[in-house]
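Overview (structure and organization)
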Amino acid sequence: MTAARTVRGRSAGRPTLEEVAARAGVGRGTVSRVINGSPRVSEETRAAVEAAVAELGYVPNRAARALAANRTDAIALVVPEPEARFFAEPYFSDIVRGVGAALADTEMQLLLTLVGGDRERRRLAQYLASNRVDGVLLVSVHADDPLPDLLEQLGIPVVISGRRSEDEPLASVDSDNFEGARAAVAHLLARGRRGIATITGPLDVYGARRRLDGYRAALAEAGLSELTAHGDFTEEGGRRAMTELLERAPDLDAVFAASDVMASGARQVLRDHGRRIPEDTALIGFDDSSIARHMDPPLTSVRQPIEEMGRAMATLLLTEITTPEPTRPRLVLPTELVVRESS
C-alpha cells in the first residue's frame, strides 16, 4: 500500500476529519464536537483539536456541519405585503439593510420572500414545513395573519418586527409607536396648533393602532377633540385621507400622518387646496425616511431606528436558533422627533 503523499506534514489532498482526530490523539466524534462548539469537551482537548486543525489547515465541510447539527444555515425574511408596497416604502429596505449588517459576519444565508396573497402564503408554508430554513424574520404583520401561528406550530424560531397585540407571545422588535406619536402631537400643541388631525395607518397593524393611541392621548391631555381619517401607509391613501379631512374640517391647522409616505400624499392635497406648509397647515410624518428629508419643505418626522430594528431582529433570531429553550424577548426601541420646516 502506498503511503499518503505529504507536503510539510500535511496531506497532499484536502485534510479530513479523521486526520485531524489522529493528529490530536482523539476520536472523530470529539473533533466534531469541538468544531460545532459543543461545551462537552475539556479545555485541554479543545486546545489539542484546534492546534491540529491549524496545523493541517482543515476546513470544515459547511454542508456536513449543517446536516450534523440539523441546521440549514439559512433564515427567511418574510414580508406579507404586495411587491408594489415593498419597493415603494423605504421602511422595508432599511430593515433589510439592518438584517444584512447583522448577518454579514455569520455563515447564514438570507432568503427574502414577499407574500402578497393566499397562493404565496400556501407556497411559503410548504417550503417552511420542509425544514429549509433555521428561522424566520417576519416584517409588517397584520392582526389576522396566520403565518406567526403557523410558524409556532412548525416549531420554527421566529422574530416579528412589530407585535400583533400587547400580549404578543413570539419574540419581537418594535419601536415606541405610542410615545413617538404623542411627542409629535405635543410638538404641534407647543407651536399653538389646535385643529390637529391624524391620518392613521391600517388599524389591523398594532403599530398603527399605537400611533393612534399616542395621538389621542396628547389631545386628551390638552382637552381637544380628535379628527381622524384612516389611511393604509400608501401615498394614495394619504391623498384620500387628506381630501376627506379637508372636506370635514376645512379650518384644521395641523396634520399628523402615521407614515412619511402618507404625509407625502397629504402634502400634495394641501398644496392643491392652496394651503401653505407650515404657515396654514403644519405637517408631521412618521419613520424619518429619505422621503422626509427630500420633501419641500423638509418634513418633521418621528424617527424610528429602522436599521437598528433589523439588526436587533437578526441578532435575537440567531440567539433563538441556538438556544435549546426559546426566551422570546420583546424589545421596544425608543423613537425621536426630528423637527424640520414643515411644522
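Please refer to the structure placed before this passage.
Please read these numbers as outputs of a predicted model, since none were measured by experiment.

Parameters and conventions
- For every chain, the first residue of the written sequence is number 1, and numbering continues from 1 onward in sequence order.
- The predicted nature of this model means local features are confined to residues of pLDDT at least 70 and side-chain atom pairs, given and counted, to a pLDDT of 80 or more, with totals for whole chains, interfaces and linings taken over all residues.
- Here the side-chain values reflect all heavy atoms present in the structure, with hydrogen atoms and water set aside.
- Labels follow the DSSP assignment, with helices taken as runs of H or I lasting at least four residues and strands as runs of E lasting at least two, numbered in each case from the N terminus.
- Using C-alpha atoms as the atom set, the radius of gyration is obtained and then compared with a globule rule of 2.2 Å times the number of residues to the power 0.38.
- Residue exposure (1.4 Å probe, protein chains only): buried if accessible area is under 20% of the type maximum, exposed if over 50%, otherwise partly exposed.
- The criterion used for residue contact is that any of the two residues' heavy atoms lie within 4.5 Å.
- Only the protein chains shown count as cover for residues, and all accessible areas are computed by the Shrake-Rupley method using a 1.4 Å probe.
- Only four residue types enter the tally: Lys and Arg on the positive side, Asp and Glu on the negative side; His and the chain ends are excluded.
- A single reference atom marks each charge: NZ on Lys, CZ on Arg, CG on Asp, CD on Glu.
- Among buried residues, those of type Ala, Val, Leu, Ile, Met, Phe, Trp, Tyr and Cys that are joined through side-chain atoms within 4.5 Å constitute a nonpolar core.
- A pair of strands counts as paired when DSSP detects no fewer than two bridges linking them.
- Salt bridges are identified by distance alone: a Lys or Arg side-chain nitrogen within 4 Å of an Asp or Glu carboxyl oxygen.
- Ring geometry is summarised as follows: Phe, Tyr and Trp rings, the Trp one being its six-membered ring, pair when their centres sit within 6.5 Å, and such pairs are stacked at plane angles under 30 degrees, edge-to-face over 60 and tilted between the two.
- Any Lys NZ or Arg CZ found within 6 Å of a ring centre and within 35 degrees of that ring's normal is scored as a charge over the ring.
- Helix axes use the C-alpha atoms of the stretch in contact, all axes being lines fitted to C-alpha atoms, and the angles between their N-to-C directions lie in the range 0 to 180 degrees.
- Each residue after the first adds 1.5 Å to the expected span of a helix.
- Each direction from the helix axis to a C-beta atom contributes to the arc, which is the arc of those directions.
- The scheme is simple: roughly parallel for angles under 35 degrees, roughly antiparallel for over 145, roughly perpendicular for 65 to 115, oblique for anything else.
- Classification used: nonpolar for Ala, Val, Leu, Ile, Met, Phe, Trp, Tyr, Cys and Pro, charged for Asp, Glu, Lys and Arg, polar for all others including Gly.

**Observations regarding the overall build of the protein chain**
Scanning the protein chain from terminus to terminus reveals 14 helices and 14 strands. The C-alpha atoms of the protein chain give 26 Å as radius of gyration, which overshoots the globular expectation for 343 residues (20 Å, by more than 25%). Here the C-alpha coordinates of the protein chain stretch approximately 95 × 35 × 35 Å along the principal axes. In the protein chain, buried positions account for 48% of the 343 residues. Pairs at least 24 residues apart make up 71% of the contacts formed inside the protein chain by residues separated by at least 6 positions. Accessible area for the protein chain stands at about 16,400 Å²; split by element, carbon and sulfur atoms hold 49% of it. Side-chain charges in the protein chain split into 42 positive and 50 negative, and the spacing between the mean points of these groups amounts to 5 Å.

**Concerning the nonpolar core**
One finds Ile199, Met242 and Leu252 to be the most contacted residues of the largest nonpolar core, which totals 42 residues. Of all elements in the fold, only α9 (177–190), β8 (196–200), α10 (206–222), α11 (235–248), β10 (254–257), α12 (260–272) and β11 (282–287) reach the threshold of two or more residues within this core. Leave out the neighbours within four places in its chain, and Leu252 touches Gly195, Ala197, Leu227, Met242, Leu245, Leu246, Arg275, Asp280 and Thr281. With 25 residues, the next largest nonpolar core counts Phe92, Ala102, Val159 and Met313 among its residues.

**Some details on the pairing of strand β12 (residues 300–303)**
Relative to β12, β11 is paired through four bridges, and the arrangement is parallel. Bridging across to β12, Asp287 finds its partner in Arg303.

**A short note on the pattern of salt bridges**
On inspection of all chains with the given rule, the structure shows 24 salt bridges. Residue Arg182 is joined to Glu179 by a salt bridge in which the shortest nitrogen-to-oxygen separation is 2.9 Å. Here the residue Arg182 and the residue Glu179 both occupy positions in helix α9, the gap between them amounting to three residues, near one helical turn. Between Asp280 and Arg276 there is a salt bridge, with the nearest N and O atoms lying 3.0 Å from each other. Assessed through its relative accessible area of 25%, Asp280 is described here as partly exposed. In this structure, a network of salt bridges that share partners links the residues Asp232, Glu235, Glu236, Arg239 and Arg240.

**Section: the packing of aromatic side chains**
This model, assessed by the stated rule, comprises four aromatic pairs. Pairing Tyr91 with Phe92 gives two aromatic rings, centres 5.5 Å apart and planes at 85°, and the pair type is edge-to-face. Just as Tyr91 is buried, Phe92 falls in that class too. Taken together through their ring pairs, the aromatic side chains of Phe86, Phe87, Tyr91 and Phe92 make up a single cluster. The ring of Phe286 carries Arg211 above its face, with NZ or CZ at 3.8 Å from the centroid.

**Here we look at the sheet that holds β10**
Strands belonging to one sheet form pairs held by backbone hydrogen bonds; the direction of such a pair is parallel or antiparallel. One open sheet holds the six strands; their spatial order is β9-β8-β10-β11-β12-β14, and the pairing between them is mixed. Strands at the two margins of the open sheet, each flanked by one partner only, are β9 (228–230) and β14 (336–338). Between one strand axis and the next, the sheet turns through 20° on average, direction left out of account. Against the sheet, α12 touches β8, β10, β11 and β12, its axis set at about 155° to β11.

**Quick look at helix α7 (residues 118–129)**
With 12 residues, α7 ought to run about 16 Å at 1.5 Å a step, and its terminal C-alpha atoms sit 16 Å apart, in line with that. Within the span of α7, buried status applies to Arg121, Leu124, Ala125 and Leu128. Take α7 and look down its axis: the buried residues cluster within an arc of 105°, on one side only. Residues of α7 that are exposed and angled more than 90 degrees away from the buried face: Arg119, Arg122 and Gln126. Residues of α7 that are buried in the fold lie against β3 (74–79), β4 (109–114), β5 (135–139) and α8 (147–154). Of the residues flanking the end of α7, it is Asn131, one or two places downstream, whose phi is positive at about 60°.

**Things to note about the environment of Leu114**
Relative to the helices and strands, Leu114 is located in strand β4. Contact partners of Leu114, with chain neighbours within four places excluded, come to Val79, Glu81, Glu83, Phe86, Phe87 and Glu120.

**A closer look at the packing of helix α1 (residues 17–24) against helix α2 (residues 28–35)**
A pair of packed helices is captured by two measures, namely the crossing angle of their axes and the spacing between those axes. Two numbers describe how α1 lies on α2: the axes approach to 8 Å, and their chain directions differ by 100°. Taken together, the axes of α1 and α2 are roughly perpendicular relative to one another. Note on element contacts: α2 touches α1 through Arg28, Val31, Ser32 and Ile35, opposite Leu17, Glu18, Val20 and Ala21. In terms of residue class, the contact of α1 with α2 is made up of five nonpolar, one polar and two charged.

**Examining the sheet that holds strand β7 (residues 171–175)**
Judged by pairing direction, the sheet is parallel, and its six strands sit side by side in the order β4-β3-β5-β6-β7-β13 without closing on themselves. Strands at the two margins of the open sheet, each flanked by one partner only, are β4 and β13 (330–333). If you compare each strand with its neighbour and ignore which way they point, the axes differ by 15° on average.

Everything listed here is a matter of coordinates, which is why it stays silent on function.
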